[in-house]
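Spelled out from the first residue to the last, the chains are:
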Amino acid sequence: MSEATCSQCGQTFPVRSLFDLNGSTYCGPCVQKASREAKERGQPSAYMPLINKSICARCNTYIGSSSDAVQIGSLRFCATCGPLIKDWDYPQWLKLSLAALLLLLVVALAHGRKYFHAGREMYVGERLVTAGHYADALPHLQETIRIAPASDKAVLLAAKAALLSGDVASAAKALQGHNGGYFEDASKPEVREVDSLWKRASGALEKADQATKLEAQDGKEIEAARLMHEAATMYPELPALAFAAESFEEGVAFVRKDYDAFLAIAQKQWKEHAMAQTAAALSSALACKFAISGDGSYRQQSEAMLEKARQLTQGNVDSLKVLDEFAERNRFRLESRQIISKTEYDRRFRSGKTASK
Amino acid sequence: MFFIPGPVIAALTFPGVIIHEAGHLFFCRLFKLQVFGVCFFRFGNPAGYVIHQQTEDFKAQFFVSMGPFFANTLLCVLFCTAAFLPVWELKVFDPLAYFFYWLGLSIGMHAFPSTTDLSHLWAQAPGLAKKGNLLAIVSLPLAAVLVVLNYARVIWADLGYGIAVGVLGPIAIFRALAR
């Protein structure tokens with residue numbers, strides 16, 4: 001066992017029973033006295049077991065009172081470990097790696113900017129959809145789809161928002177852009193929900209299409225109106241269907257020769273939507289009223305509405321063509337005071353070239 | 001549950017190991033604790049280590065033990081946030097985004113302090129917590145959870161933590177930003 005000498009009393013003791021005070025070795029009794037004296041002199045008075053000072057704190061090698069030993073703080077190290085402890089620094093490669101990591105982080109965040117924009121738009125859109133503001137949500141979700149057309153979530157949300165705000169075309173565009181409307185997991189509730197909405201909307205549009213075709217045929221006005229009402233009920237999110245159903249009621253009133261009802265509907269529609277089509281319908285209803293009553297004010301109003309309809313076409317060639325065709329029949333109605341359907345007019349004056357009303 | 005040898009996992013996620021050990025070294029230097037040995041990466045168990053002087057200063061002990069946990073978690077959230085949207089939500093095939101996501105997950109996977117780190121903390125925390133040391137009070141449940149998670153590494157708790165942080169972190173950030 002290693003032994004050392006007490007610097008105070010000069011006796012030899014095992015190292016494990018000795019103490020270190022300010023670099024000197026003391027036995028148990030002497031260290032207490034030396035500590036008090038050091039305190040009185042204003043020197044450090046804390047002492048510690050010599051054994052702690054006798055072995056290297058890193059490699060446990062016995063260093064005793066070797067002059068090569070290195071003191072760092074309260075620890076002592078052998079000559080080999082000392083410089084290593086002192087000079088322990090971040091290795092160059094680590095500094096470079098951490099700098100590269102920070103650079104990568106900047107690149108990652110910069111690279112993700114367009115995705116952050118798309119993601120933000122999607123979350124805003126999702127929040128608006130949850131709140132039931134479908135029309136407001138749609139532009140946000142469309143912006144997301146512009147960047148990420150394959151995103152299931154964004155496409156489904158956009159399709160839902162579009163369908164629930166009556167915008168079937170936008171829903172179709174979003175779904176078409178996602179692998180032609182194919183979703184890997186068709187059993188997902190979100191996919192099923194959009195599928196159900198799509199079927200409802202497309203079913204309603206199919207009915208509306210049938211109704212429009214029927215409405216063009218004489219004697220089918222009632223059936224056409226019924227179908228259009230069904231379409232409007234099936235897909236209430238598209239107000240145009242309800243509007244069309246109401247305008248088909250004009251045809252029903254015309255067939256039933258209920259010109260007051262015809263006029264009432266036409267006035268209501270004109271008030272709600274001032275456009276060339278509603279102006280022409282009102283002109284037609286007023287002409288009917290003139291034909292049966294002979295009241296000149298109806299004729300004046302009918303002609304005025306026709307002029308408004310012409311202004312509202314804003315030079316659109318197709319709309320003007322339709323309006324010119326109608327104007328010719330309306331003039332006949334006002335001048336002859338005869339109320340006949342378009343088919344009858346075509347048969348009499350246009351060699352029956354067209355079958356539509 | 002399938003078994004993949006630890007060194008293989010460590011090799012696949014080596015950036016996380018290096019950052020974890022760099023975190024220990026950083027906090028040792030910050031609190032002026034002597035460092036006796038450092039290994040940033042090796043094919044062994046543990047994959048990296050920092051041997052340092054023990055301290056009675058609980059704050060130093062806390063940060064040396066837990067510092068890498070916070071640093072790795074933060075870096076995981078940041079890298080995964082940069083790559084989360086194209087990978088998970090937008091389904092955009094962007095190789096760079098996948099690289100960043102791997103980097104984020106690798107870092108997040110090595111966030112857990114080792115049981116040795118936690119044992120040092122665990123030895124001091126209860127006594128100090130009784131004296132009202134706030135850091136000790138906070139560290140007790142945190143260390144308890146981390147000890148459990150450390151043992152759950154055999155069932156991929158570390159990977160689970162990385163994924164959870166790399167998915168839930170960005171979701172929380174984006175939802176907060178979208179408000």
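From a predicted model like this one, the values you see are computed outputs, not experimental measurements.

Draft legend 1. Layout of the overall build of chain B. Counting its secondary structure elements, chain B contains seven helices and two strands. When the elements of chain B are put in sequence order from the N terminus, they spell out α-α-β-β-α-α-α-α-α. Across the 179 residues of chain B, 44% fall into the buried class. The contacts in chain B between residues at least 6 apart in sequence include a share of 71% that link residues at least 24 apart.

Draft legend 2. A look at the overall build of chain A. Within chain A, the secondary structure is distributed over 16 helices and seven strands. For chain A, the residues scored as buried account for 34% of the 357 residues in total. For chain A, restricting intrachain contacts to residue pairs at least 6 apart in sequence, the fraction spanning at least 24 positions comes to 40%.

Draft legend 3. Geometry of the interface of chain A and chain B. In this complex, chain A contributes 30 residues to the contact, which on the side of chain B involves 24 residues. Elements that contribute at least two residues to the side of chain A that touches chain B include exactly α4 (92-111), α5 (113-130) and α7 (152-164) of chain A. It is α5 of chain A that contributes the most residues to the side of chain A that touches chain B, nine residues altogether. Across the side of chain A that touches chain B, the residue classes break down as 19 nonpolar, six polar and five charged.

Draft legend 4. Spatial organisation of the confidence of the model for chain B. All names here are of chain B. Put simply, chain B has an average pLDDT of 88, and 97% of its residues get 70 or more. Helix α1 (residues 6-12) is the least confidently modelled element of chain B, averaging 83 in pLDDT, while helix α2 (residues 14-30) averages 94, the highest of any element. With pTM at 0.67, the complex prediction returns an ipTM value of 0.85.

Draft legend 5. Structural detail: the sheet that holds strand β3 (residues 19-21) of chain A. Residue and element names in this part refer to chain A. Pairing within the open sheet is antiparallel, and its three strands lie in the order β4-β3-β5. Edge strands, defined here as strands with exactly one partner in the open sheet, are β4 (24-26) and β5 (48-49). Across two bridges, β3 lies against β5 in antiparallel orientation. In the strand pairing of β5, Phe19 is matched with Pro49. Where helix α1 (residues 28-40) meets the sheet, its contacts fall on β3 and β4, and the angle it forms with β3 comes to roughly 15°.

Draft legend 6. Region of interest: the environment of Ala164 of chain B. Structurally, Ala164 of chain B can be placed in helix α7 (residues 157-177). As for Ala164 of chain B and Gly108 of chain B, which are separated by 56 residues in sequence, their C-alpha atoms are 9.2 Å apart.

Draft legend 7. Representation of the packing of α4 of chain A against helix α3 (residues 58-89) of chain B in the model. Look at α4 of chain A against α3 of chain B: their axes get within 8 Å of each other, and the N-to-C directions meet at 30°. For the element pair α4 of chain A / α3 of chain B, the angle class is roughly parallel. Considering the relative orientation of α4 of chain A and α3 of chain B, their crossing is left-handed. Note on element contacts: α3 of chain B touches α4 of chain A through Leu78, Phe79, Ala82 and Ala83 of chain B, opposite Leu105, Ala108, Leu109 and His111 of chain A. Considering only residue class, the contact of α4 of chain A with α3 of chain B consists of seven nonpolar, one polar and no charged.

Draft legend 8. Structural context of the environment of Leu30 of chain B. The residue Leu30 of chain B is located in helix α2 in this model. On a C-alpha basis, the gap between Leu30 of chain B and Ala60 of chain B in space is 8.6 Å, while along the polypeptide they are 30 residues apart.

Draft legend 9. Fine view of the packing of helix α13 (residues 276-293) of chain A against helix α15 (residues 317-336) of chain A. Residues and elements named next belong to chain A. For the pair α13 and α15, interaxial distance at closest approach is 10 Å and the crossing angle is 10°. With respect to each other, α13 and α15 are oriented roughly parallel. Between α13 and α15, the residues in contact are Ala276, Ala280, Ser283, Ser284, Ala287, Phe290 and Ala291 and Ser319, Leu323, Phe326, Asn330, Arg333 and Leu334, respectively. Residue composition of the contact of α13 with α15, grouped by class: eight nonpolar, four polar and one charged.

The rules behind these values
- Going along each chain's sequence as written, the residues are numbered from 1 onward.
- Each chain is given a letter, starting from A, and each ligand a number, starting from 1, according to the order in which they appear as written.
- Local features in this predicted model are restricted to residues of pLDDT 70 or higher, and side-chain atom pairs are both shown and tallied only at a pLDDT of 80 or more, whereas totals for entire chains, interfaces and linings draw on every residue.
- Helix and strand definitions follow DSSP, with helices as H or I runs of at least four residues and strands as E runs of at least two, each counted in order from the N terminus.
- Every C-beta atom is placed from the backbone, and the number of other C-beta atoms within 10 Å of a residue's own sets its class: buried at 20 or more, exposed at 12 or fewer, partly exposed in between.
- Contact between residues is assigned whenever the C-beta positions, reconstructed from backbone atoms, fall within 7 Å.
- Amino acids are sorted into nonpolar (Ala, Val, Leu, Ile, Met, Phe, Trp, Tyr, Cys and Pro), charged (Asp, Glu, Lys and Arg) and polar (every other residue, Gly among them).
- A score between 0 and 100, pLDDT records how confident the predictor is in each residue.
- Paired strands, in this sense, are two strands between which DSSP finds at least two bridges.
- Lines fitted to the C-alpha atoms define the axes, with helices restricted to the stretch that makes contact. Angles between their N-to-C directions range from 0 to 180 degrees.
- Any angle that falls under 35 degrees is termed roughly parallel, while one over 145 is termed roughly antiparallel, one within 65 to 115 roughly perpendicular, and all others oblique.
- Helix crossings fall into two classes, left-handed where the near helix is turned counterclockwise from the far one by less than a right angle and right-handed where it is turned clockwise.

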